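# Understanding the architecture of this molecule
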Amino acid sequence: LDPRQDLVASVGLYGPTAAGANMTHDASIRLSTVYACVYKIASTIATLGLNLYQSNGRQRNVVQVHPAVEVCTFRPNAYETPFYFWESIIANAVLKGVGYAIIRRGAGGVPIGLQCVDTDLVERRIVNDSIVFRLADVQQEDMLEICNLHCKSPIQLHRENLGLAQAAQDYGAQYFGNGGQMTGVLSSDQPLKSEQMQMLQKSWNGSMTTAGTKLLPFGFKYNRIAIAPEEAQFIETRKFQAEEICRIFSVPPALVQLESQTTYNNVEQQNLMFARHTVLPWAKRIEQ
């Protein structure tokens, strides 16, 4: 990336994409496919069992009583269930590239709680070969960090792809918001007075809010200047961009209700692919 773009990104500012959409994390989650992919990964991982094991040679035994088991499996903090905690931190990691939680410790360094914090509030630096975290200008000695590939936000890495999806969604909203009427210009070969132009403009703008036949006086002709949805391949574009988003998050399309022609066999295969190639890597990140 351009160093200037990195500087702008470091303060949370991003310009519009080539498609004209200003793509941020908050804007991206409003795209249904992005929300569905993040929800599918985070909620699936939150449902998995989480156990602590003690190794004894080749044998591993489940540890039932331990402070880490208490905070990770039963009570991460006073106001969150374990499911909600893991769903939140994984959603941050999937959407923003990294998820953080403060590890609260009691006497003797025993973990007594995990508090998920917004990724945008955490500053991460490497100082003297050690990772230093700062939250609201306060240095945090102990934090749980779950990262994706290189701790990079997929939203910013693929903002042009997502920007095109947002632009297609905005185009559809604008088209249907205008009652399906395309943008165009009115032209006439006849000379008109200023009063006639104002009257026509007021009449035409008022009629645009209702459907029906429009009357064009004074020899005016309507010339369309916008592309119709079928000519812009609107449906195909939205479908392709949805598949692109699934590719970014490594979620099979059928799991976010994208494919209409599905069978039991191919959905079963996609479930296996999701478990092996999406859920398992995230589970390994948490485990390690």
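In what follows, the accompanying structure is described. Since we're looking at a predicted model, the values are computed, not measured.

Calculation rules
- Residues numbered from 1 in each chain as written.
- Predicted model: local features only at pLDDT ≥ 70, side-chain atom pairs only at ≥ 80, totals over all residues.
- Heavy atoms only, no water.
- Buried < 20%, exposed > 50% of the residue type's maximum accessible area, 1.4 Å probe, protein only.
- Helix = DSSP H or I, 4+ residues; strand = E, 2+ residues; numbered from the N terminus.
- Pairing = 2+ DSSP bridges.
- Phe/Tyr/Trp six-rings, centres within 6.5 Å; stacked < 30°, edge-to-face > 60°.
- Contact = heavy atoms within 4.5 Å.
- Core = buried A, V, L, I, M, F, W, Y, C linked by side-chain atoms within 4.5 Å.
- Salt bridge = Lys/Arg side-chain N within 4 Å of Asp/Glu carboxyl O.

## Brief notes about the pairing of strand β3 (residues 98-105)
Of all eight residues making up β3, six are buried, and the element is well covered by its neighbours. As defined by bridge partners, β3 adjoins strand β4 (residues 111-117) across six bridges and the pair is classed as antiparallel. Its bridge partner being in β4, A101 is matched across the sheet by C116. Here β3 hands over to β4 after five residues, with G108 in that stretch at a positive phi of 75 degrees.

## Regarding the packing of aromatic side chains
The tally for this structure, following the rule as stated, stands at three aromatic pairs. Here the aromatic rings of Y35 and Y39 are separated by 6.2 Å at their centres, their planes lie at 0 degrees, and the arrangement is stacked. Pair noted here: Y35 and Y39 are both in helix α3 (residues 32-46), with a separation of four residues, about one helical turn. Taking relative accessible area as the criterion, Y35 reaches 47% and is therefore assigned partly exposed.

## Looking at the side chain of T119
Checked against the element boundaries, T119 lands in the loop between β4 and β5 (122-127). Exposure remark for T119: the relative accessible area of 8% places this residue in the buried category. Other than its neighbours up to four places away in sequence, T119 contacts N92, K96, V98, G99 and Y100.

## Observations regarding the nonpolar core
V34, I41, I89, I90, I245, F249 and V251 are the most contacted members of the largest nonpolar core, which totals 36 residues. Per-element accounting of this core gives the leading share, eight residues, to α3. Filtering out sequence-adjacent residues up to four positions away, I90 remains in contact with I41, A42, I45, I146 and I286. With nine residues, the next largest nonpolar core counts V98, Y100, M143 and C147 among its residues.

## Here we look at the environment of F85
Among the structural elements, F85 can be located in helix α5 (residues 82-96). Given the relative accessible area of 0%, F85 is considered buried. Considering only alpha carbons, one finds F85 and R75, ten residues apart in sequence, at a separation of 9.4 Å. Ignoring sequence-local partners within four residues, the contact set of F85 consists of P76, E80, A101, L114, Q115 and C116.

## Comments concerning the pattern of salt bridges
A full pass over the atoms with the stated rule returns seven salt bridges. With a closest N to O distance of 2.4 Å, R124 and E145 form a salt bridge. One end of the pair, R124, is in strand β5; the other, E145, is in strand β8 (residues 143-147), and 21 residues separate them in sequence. Since its relative accessible area comes to 35%, R124 is described here as partly exposed. Between R247 and E244 there is a salt bridge, and its shortest N-O distance comes to 2.0 Å. Here R247 and its partner E244 are both found in helix α9 (residues 234-249), three residues apart, which amounts to about one turn of the helix. Residue R247 is classed as exposed on the basis of its relative accessible area of 53%. Residue classification places E244 among the buried positions, given a relative accessible area of 15%. What you see here is one network of salt bridges that share partners, running through K96, D118 and D120.

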